[in-house]
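Coordinate analysis (summary)
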Amino acid sequence: MHRVMTVYGTRPEAIKVAPVIRAVEAHPELESVTVVTGQHREMLDQVNEIFGIEPDHDLDVFAHGQTLNGLMAKVFAGLDDVLVSEAPDAVLVQGDTTTVAAASIAAFYRRIPVVHLEAGLRSGDIDSPFPEEANRRITTQTTALHLAPTPTSRDNLLREATDPATIAVTGNTVIDALLHTVAQDVPFSDERLALLEKEERPVVLVTTHRRENWGGAMEGVGRALGRLADAYPGHTIVLPAHRNPVVREAVLPHVAGRDNVLVTEPLAYGEFTRLMAASTVVLTDSGGVQEEAPSLGKPVLVMRENTERPEAVDAGTVRLIGTDEERIVAEVSRLVDDPAAYAEMANAVNPYGDGRAAERSVAAIAALFGTGERLADFGS
Ligand code: UD1
Ligand code: UDP
């Protein structure tokens, strides 16, 4: 048996590793060990609960408002003991958070091969997204097996002279998680959302949290939402608010007191994906939402200056609009007012996966140990 230790810390990592953990558990030659750092708390626990994963270890590093260096130091300290006691044959990390950068360096220092899921994404700007672009580049340097979600991400790695034999193109496991979850048809527990769905009110779904948008840019997002709510009383803006108080303090005062703005706590994944499927427009700065919404045929306006996920932009379903208040108001208004502009963007496209990413990932991990063959690359 070969022991695969999955280390993760935030909501999106939990969603994206869940299908892989399940596939590792089901593989006859692999054994799964799960470690959460606890970088997120409620938002992480919520996902583990939904996917029925009880982590073997919890480093419990969570603290409100901690610095990136403080967080990194805690992950190094906590994970080292677990790496020694569990002695895994590989450490799997996903994405580009501070948990990922710390865990991959810690495993590398212990000479344990790192498997990087969602490898090779690049915005090309080290300052944006911050600190994720640096985290993912750091992780690439320590990685033995790069699981690139798309041919574009593989090409980014090849351009950096990564050994082609160490790259497999798998698709993004977020699509596995999405297809699995949407099929379960989870009802809304929030009555306000159930009513919106019943009355078929048009919904603009909004999520925001990016660190580089904290402060003035996020205040502008809040003001834009307030103006849109006033301009379109027949629409409802639904904002499942990230737990970060910095985000809440910047945005929520600008939308307060409006009947057609619905602010909720972070939604359980099944309810969030149901809401996304029922929405008219998605306005977001999230990485995962940029990948999921296109496969549900939803036009996505991305409040960022650049993206490491160009595939759906190229397909026409995602548009980068930045965080300027006037531009946000204009772009949402255009989709609401102009059916032709709407129809042009509302295409169901699946550039990020076909629901078999976990299967390809686990085959590639097993092949790393000399057990079995890799599957054909996604998109080849
Ligand atoms: C982190 C990741 C980011 C990822 C995002 C997903 C880093 C540097 N950032 O950003 O890449 O896109 O997660 O959401 O790794 N909080 C809670 N409860 C929770 C989660 C967060 O209260 O369950 C609050 C805490 O006050 C915490 C703050 O949010 O200090 C920020 O959390 P943190 O993980 O540092 O950054 P995110 O902005 O969530
Ligand atoms: N999500 C969720 N509930 C919410 C908001 C988002 O389950 O209330 C899911 C969403 O479907 C996606 C992931 O969380 O899979 C995105 O997380 P986030 O935006 O926090 O992080 P990012 O993807 O930007 O790193």
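Note: the structure precedes this text.
Structural notes, computed from the coordinates. (Residues numbered from 1 in each chain as written. Chains lettered and ligands numbered in written order. Predicted model: local features only at pLDDT ≥ 70, side-chain atom pairs only at ≥ 80, totals over all residues. Heavy atoms only, no water.)

**Some thoughts on the site of ligand 2**
By nearness alone, 15 residues border ligand 2, and L267, S286, G287, G288 and E292 come closest of all. Between ligand 2 and H209 there is a distance of 2.9 Å, counted from an oxygen atom to a side-chain nitrogen or oxygen. Within the backbone of L267, one N or O atom sits 2.8 Å away from a nitrogen atom of ligand 2. The set of elements that each furnish at least two residues to the shell around ligand 2 consists of α1 (11-26), α11 (269-278) and α12 (287-295). It is α12 that contributes the most residues to the shell around ligand 2, four residues altogether. For the shell around ligand 2, a count of residues per class yields eight nonpolar, four polar and three charged. (Near = heavy atom within 4 Å. Polar contact = N/O pair within 3.5 Å; in protein donor to acceptor, adjacent residues only side chain to side chain. Helix = DSSP H or I, 4+ residues; strand = E, 2+ residues; numbered from the N terminus. Nonpolar A, V, L, I, M, F, W, Y, C, P; charged D, E, K, R; others polar.)

**Describing the site of ligand 1**
Near ligand 1 there are 23 residues, and of these H40, E42, H64, G65 and E132 occur at the shortest range. At 2.9 Å from an oxygen atom of ligand 1 is found a side-chain nitrogen or oxygen belonging to Q39. At a separation of 3.1 Å, an oxygen atom of ligand 1 approaches a polar side-chain atom of R211. Expressed as a share of its isolated accessible area of 750 Å², the protein-covered part of ligand 1 is 95%. Across the shell around ligand 1, the residue classes tally to seven nonpolar, ten polar and six charged. (Areas by Shrake-Rupley, 256 points an atom, 1.4 Å probe, with all protein chains shown as cover.)

**A closer look at the pattern of salt bridges**
For the structure shown, the criterion picks out 36 salt bridges. A salt bridge links R309 to E308; the shortest N-O distance between them is 2.7 Å. For the residue pair R309 and E308, the accessibility class agrees, reading buried in each case. A single salt-bridge network, built from bridges that share partners, covers K16, D96, E118, E133, R136, R137, E291, R304, E308 and R309. (Salt bridge = Lys/Arg side-chain N within 4 Å of Asp/Glu carboxyl O. Buried < 20%, exposed > 50% of the residue type's maximum accessible area, 1.4 Å probe, protein only.)

**Describing the nonpolar core**
Counting 51 residues, the largest nonpolar core has Y8, L92, L147, L193, L275, M276 and I365 as the members making the most contacts within it. Looking at this core element by element, the count peaks at seven residues for α1. Setting aside its immediate chain neighbours within four residues, L147 contacts L92, V115, H116, L117, E118, A119, A168, T170, S361 and A364. Grouped together as the second largest cluster of nonpolar side chains are 26 residues, M218, L228, V329 and L335 included. (Core = buried A, V, L, I, M, F, W, Y, C linked by side-chain atoms within 4.5 Å. Contact = heavy atoms within 4.5 Å.)

**A few points about helix α14 (residues 325-337)**
The end-to-end C-alpha distance of α14 is 18 Å, a good match for the 18 Å that 13 residues give at a rise of 1.5 Å each. Looking at α14, one finds that the buried residues are E325, I328, V329, E331, V332, S333 and L335. Check the buried side of α14 and you find it contacts α9 (216-231), β11 (281-284), β12 (300-302), β13 (318-320) and α15 (339-345). (Expected span 1.5 Å × (residues − 1).)

**Structural notes on the sheet that holds strand β2 (residues 30-36)**
Read from one edge of the open sheet, seven strands run β3-β2-β1-β4-β5-β6-β7, paired in parallel fashion. The sheet is open, and its two edges are formed by β3 (57-58) and β7 (167-169), each paired on a single side. Two elements, β2 and β3, share two bridges in a ladder whose sense is parallel. Opposite V36, over in β3, you have D58 as the bridge partner. Packing against the sheet, α1 makes contact with β1 (2-8), β2, β4 (90-94) and β5 (114-117), and its axis sits at approximately 165 degrees to β1. Strands β1, β2, β3 and β4 of the sheet are contacted by helix α3 (residues 68-86), whose axis makes an angle of about 165 degrees with β1. (Pairing = 2+ DSSP bridges. Axes fitted to C-alpha atoms, helices over the stretch in contact; angles between N-to-C directions.)

**Here's the deal with unusual backbone geometry**
Of the consecutive residues S128 and P129, the connecting peptide bond is found in the cis state with omega at -5 degrees. Within the element layout of this structure, P129 appears in the loop between β5 and α5 (132-142). Going from F130 to P131, the amide bond is cis rather than trans, its omega being 0 degrees. Mapped onto the secondary structure, P131 falls in the loop between β5 and α5. Even without being glycine, R111 reaches a positive phi, approximately 60 degrees. Taking the relative accessible area as the measure of exposure, R111 reaches 77% and is therefore exposed. At D185, a position not held by glycine, the phi torsion is positive, near 55 degrees. Mapped onto the secondary structure, D185 falls in the loop between α7 (173-182) and α8 (191-199). Exposure remark for D185: the relative accessible area of 53% places this residue in the exposed category.

**Points about the sheet that holds strand β8 (residues 203-207)**
Reading across from one edge, β10-β9-β8-β11-β12-β13 is the order of the six strands in this open sheet, with parallel pairing throughout. Lying at the two open borders of the sheet, with one neighbouring strand each, are β10 (261-264) and β13. Along the sheet, successive strands turn relative to each other by an average axial angle of 20 degrees, direction set aside. Pairing between β11 and β12: three bridges, direction parallel. Residue L283 lies in a different strand from β12, and its bridge partner there is L301. The strands that α11 touches are β8, β9 (236-240) and β11; relative to β8, the one it contacts most, it runs at about 135 degrees. Of the strands in this sheet, β11, β12 and β13 touch α14, which is tilted by about 155 degrees from β13.

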